[in-house]
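Observations on chain architecture
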Amino acid sequence: TNDRDRASFMDTLPFEYPCFGLGDYRESAFKIMDANGMSTCDLRYVSHKMYEGKPKLEGLPATFATEESGCSTLEITMYDKYADIEVVLIYTAFDKLDVITRSAVITNKSEKPFKITRALSACVDFDTDKMDMITLNGSWARERAVERCRLHHGKQLVDSCRGESSHQNNPFVALCDNNADEDKGEVFGFNFVYSGNFYAQAEVTQHKKTRFLMGINPLDFEWLLEKGESFACPEVVMVHSDEGIGKMSRTFHDLYRNNLIRGEYKDKRRPILINNWEATYFNFDTDKLIDIAKEASKLGIEMLVMDDGWFGHRDSDNSSLGDWFVYEKKLKGGLKYLVDEVNKLGMKFGIWFEPEMISPDSELYKAHPDWAIQIKGRPLTLCREQYVLDYSRKEVRDHVYGMMKKILDSANIEYIKWDMNRQLSEVGNEVFPPERQREIWHRYVLGVYEMQERLLTDFPDLLLENCAGGGSRFDAGMLYYSPQIWTSDDTDAIERCRIQYGTSMVYPASSISAHVSASPNHQTGRLTPFETRGNVAMAGAFGYELDLTKLTDEERALVRKQVAQYHAYYDIIQNGDLYRLVSPFENDVCCAWEYVSADRSEALLTFVVTKCRVGFTTFIRLRGLDPEKRYQDVETGRIYSGDTLMNVGVNLSRYWKDSESLICYFREVTE
Ligand code: DGJ
């Protein structure tokens, strides 16, 4: 007969955690190598339980419940009776947000060890293939460009196998209706709370359905599970929006501000900082830093951050990583003297470390050449003249931590920029047995998390800012430890419009570290007005990164104005709702975005001319306002109804010049 049912395998059915080897030929979430060399596993439902709250994932960053944001958890226990493997799928739904988080814990219940060769965190089988896939791709200094394409048959993958979440692909995917836009349409957003190798794939199947998978990249991943041991898969955050891409982003922002970012600076106002990197690069000493700090304090800047070059004998990026002691030639009088002088000016002091790295030209390397990640007998690839320290090993972490703690104990240091300037290669060490070598990728990331947790435990008031050659580790894993992340090494205001716009798909303004730098810009050579540099940097965790001692009087006045604006607009930008109005990826003349306060009584519009065309005209329509309310443009005094602002817009047609910009603040008028 022509009854194909007898021949149809499991790949017509939706699965929550599909296993390899059972006749579901789509990509699977779980695969093993058991003691007999077999890769098949058949996980079947055993039981489930539901409870209030959310469990912790040991050693991993994850979202958490608070008193205000209740949540409930469903745990489904699955079991393979042949290999004696248990997998618990963990789902948490947040009460007030359209969010479900997922993870899984795998336990070896048998007497024999087995290897996990694939352990993804989430699988969603959609009943349609009519979706677009939005991803954030880029490269160094060009991170998180928004890309959108229609799903098609076969597999569409974004991933990283660089040991970090990467400049190249962010661990984020949105699947949305073909006609979804910022305001309408159904959108499913997925973000991985992890900072290493990841995998995110949409697969359109023969039956025009879509399987989406996200988790640790199975490429070069293995994990040996001995009897009784468990493995926790990092969390995937899943957001649903039926009001377009904008609502998806606002949900991520709310969740991350309230239920991921922790610590002292979760709610506390972040200090405006001056970082000396683009001001001096390696060419600084105590006097130069104090000169910059003096100028900064007069202008209302609140913290000096001493960047790369203060340790070992570091005069360029060719040496000293791993030698975390003061370079006396530069810091005459020592670190404490410098910090005290800066504190006397009423400013905080912050410092740069790159704790995961080791320079061949360092005392640390002379003493412990085997501490670099490496494969014995093979040449090691240098990148920026440095190797990566083997953070999978506790003794390595302990040693580096000891050096860092000594520095932090020696002076009143209130901020750390934790940098990471290369990707991993030749991954291996001489310590682990062959069957555990492939664990190093993940153990490395767990080691980074453990170090940052230790820092925050010992120094609970510390403001930590993560950074990875700019924005190579801008992910939700890092946000659990540091409330702000250096967004990109490209500080050009026009380039930043794109980078920050893309970053805002998932991550809130308060996490997007952004600085006013010099013009011409050091990366692009572009000239931009000082106002525009301020207006763009204000859409993030705000600071400066240029030689303040060289500013003109006019520029100094502008810094004062920007500092005042930053304080005035702090709440609306850091805690308000973001509306992306004009995309720099779709419009080649301008871009615009807006923040609205929770009670819809205030709105802040930023408009930037990214590439001027003479005679171009535009009205910018605001969003998220109350149509019934009346709002005043505080600068011009003009009053509009919310309805007019949202349906007619603000007339911004005028003779704009390249790179000019505008911030308009609207406040509700009641009388
Ligand atoms: C890369 C960072 O992104 C920069 O801001 C700066 O800290 C340099 N590293 C220092 O080497």
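In this report, we go over the structure that sits alongside the text. (Residues numbered from 1 in each chain as written. Predicted model: local features only at pLDDT ≥ 70, side-chain atom pairs only at ≥ 80, totals over all residues. Heavy atoms only, no water.)

A short note on unusual backbone geometry
Across residues other than glycine, the phi torsion is negative in most instances, and most of the peptide bonds are trans. In the segment running from S519 into P520, the intervening peptide bond is cis, with an omega of 0°. For P520, the position within the fold is in the loop between β25 (512-517) and α10 (530-537). (Helix = DSSP H or I, 4+ residues; strand = E, 2+ residues; numbered from the N terminus.)

Considerations on the side chain of R250
The topology assignment puts R250 in helix α1 (residues 244-259). Those residues in contact with R250, other than ones at most four positions away along the chain, are D577, L578 and Y579. (Contact = heavy atoms within 4.5 Å.)

Observations regarding the nonpolar core
Within the largest apolar cluster, 181 residues are counted, with the highest numbers of intra-cluster contacts made by Y17, F30, I106, W310, L335 and Y544. Considering each element in turn, this core owes the most residues, nine residues, to helix α7 (residues 440-458). Setting aside chain neighbours within four positions, we find L335 in contact with M306, V326, F349, I351, I407, S410, A411 and I413. Ranked by size, the runner-up nonpolar core spans 25 residues in total, among them V609, I620, L622 and Y640. (Core = buried A, V, L, I, M, F, W, Y, C linked by side-chain atoms within 4.5 Å. Buried < 20%, exposed > 50% of the residue type's maximum accessible area, 1.4 Å probe, protein only.)

Remarks on the sheet that holds β25
Strand order in this closed barrel of eight strands is β17-β18-β19-β22-β23-β24-β25-β26, and the pairing throughout is parallel. Averaged over all adjacent pairs, the angle separating strand axes in this sheet is 30°, with direction ignored. Summarising the sheet, strand β22 (residues 415-418) and strand β23 (residues 463-466) pair through four bridges and their orientation is parallel. When the bridges of β23 are listed, I416 appears paired with L464. Where helix α9 (residues 493-503) meets the sheet, its contacts fall on β24 (484-486) and β25, and the angle it forms with β25 comes to roughly 170°. Contacts from helix α11 (residues 553-575) reach β25 and β26 (541-545) within the one sheet, and its direction differs from that of β26 by about 165°. (Pairing = 2+ DSSP bridges. Axes fitted to C-alpha atoms, helices over the stretch in contact; angles between N-to-C directions.)

Here's the deal with the site of the ligand
Taken together, 13 residues form the shell around the ligand, and within it D307, D308, K417, D419 and D489 come nearest. Here N421 contributes a side-chain N or O atom positioned 3.4 Å from a nitrogen atom of the ligand. In this structure, an oxygen atom belonging to the ligand sits 3.4 Å away from a side-chain N or O atom of W486. Coverage of the ligand by the protein amounts to 98% of the 290 Å² it exposes when considered alone. Considering only residue class, the shell around the ligand consists of four nonpolar, three polar and six charged. (Near = heavy atom within 4 Å. Polar contact = N/O pair within 3.5 Å; in protein donor to acceptor, adjacent residues only side chain to side chain. Areas by Shrake-Rupley, 256 points an atom, 1.4 Å probe, with all protein chains shown as cover. Nonpolar A, V, L, I, M, F, W, Y, C, P; charged D, E, K, R; others polar.)

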